[in-house]
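Survey of secondary and tertiary structure
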Amino acid sequence: MHTMTHVCSIIAVATLQVIALIQIAMATTSAPDSAPDNVMVQVVSPYSLAVSWGAVISSNETDNITYYTVYYTAKYHYRSQVTNETAVNTTNTSTTITALQPFATYCIRVTASTSDGEGPTLGIVNATTPEDEEDDKLTSGTYQPR
């Protein structure tokens, strides 16, 4: 009987230690405190932009980056309109934004997220898609891009 009691108390102590370790790990996770850096945008076509950035390195081992979010808005040069912000999630440090409009300026920002939340944005990068020469040939004479 004494042996059984001893075994039970060892299991109880071990279980409490595991619970304490889980609680410590849960208490130390947080949203990233830094933003992706070196955000670069390359014009691929009048309809797409390639965006890349540096990986966020967490200061805490338990704060694994789960995904990045690329936010963008468009301002069209031929009309005074700004679109609502659109978000694209990815687990990579680059993505291509497609289905864009020619001759528009896109304002792009990138954030990193953990399971506990989203981190800050370092800044906004602007890129302008070129005019589509094929569209110019097909549109009526009333089209004035500038």
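Data block above holds the structure.
Please read these numbers as outputs of a predicted model, since none were measured by experiment. (Residues numbered from 1 in each chain as written. Predicted model: local features only at pLDDT ≥ 70, side-chain atom pairs only at ≥ 80, totals over all residues. Heavy atoms only, no water.)

Here's the deal with unusual backbone geometry
In plain terms, the rule: The way it works is that DSSP assigns letters per residue, a run of H or I at least four long becomes a helix, a run of E at least two long becomes a strand, and they are numbered from the N terminus.
Within the chain, Ala 99 stands out as a residue other than glycine whose phi angle is a positive 60 degrees. Inspection of the secondary structure puts Ala 99 in the loop between β6 (94–97) and β7 (104–114). The phi angle at Phe 103 is positive, at roughly 55 degrees, despite the residue not being glycine. As for its position among the elements, Phe 103 is in the loop between β6 and β7.

A short note on the sheet that holds β6
Cut-off, in case you're wondering: The criterion for strand pairing is that DSSP finds at least two bridges linking the strands in question. Note on geometry: axes are C-alpha line fits, over the in-contact stretch for helices, and angles between N-to-C directions span 0 to 180 degrees.
Here we have three strands laid out as an open sheet, ordered β1-β2-β6, and antiparallel in their pairing. Here the strands that pair on one side only, and so sit at the sheet edges, are β1 (40–45) and β6. On average, each strand axis in the sheet is tilted by 20 degrees relative to the strand beside it, whichever way the strands run. Where strand β2 (residues 48–52) lies against β6, four bridges are found, and the strand directions are antiparallel. Note on β6: the bridge partner recorded for Val 51 is Thr 95.

Brief notes about the nonpolar core
Quick note on the threshold: Take the buried Ala, Val, Leu, Ile, Met, Phe, Trp, Tyr and Cys residues and link them wherever side-chain atoms come within 4.5 Å; each set so joined is a nonpolar core. For every residue, the accessible area (1.4 Å probe, protein chains only) is compared with the maximum for its type, and the residue is labelled buried under 20%, exposed over 50%, or partly exposed between those bounds.
Counting 17 residues, the largest nonpolar core has Ile 97, Tyr 106 and Ile 108 as the members making the most contacts within it. For this core, the secondary structure elements donating two or more residues are β2, β3 (67–76) and β7.

Some points on the pattern of salt bridges
The condition is simple: For salt bridges, the criterion is a side-chain nitrogen of Lys or Arg within 4 Å of an Asp or Glu carboxyl oxygen.
Counted according to the given criterion, the structure contains one salt bridge. With a closest N to O distance of 3.1 Å, Arg 109 and Glu 85 form a salt bridge. Linking Arg 109 in strand β7 with Glu 85 in the loop between β4 (81–82) and β5 (86–90), this pair joins segments that are 24 residues apart in sequence. When its relative accessible area of 22% is taken as the criterion, Arg 109 is described as partly exposed.

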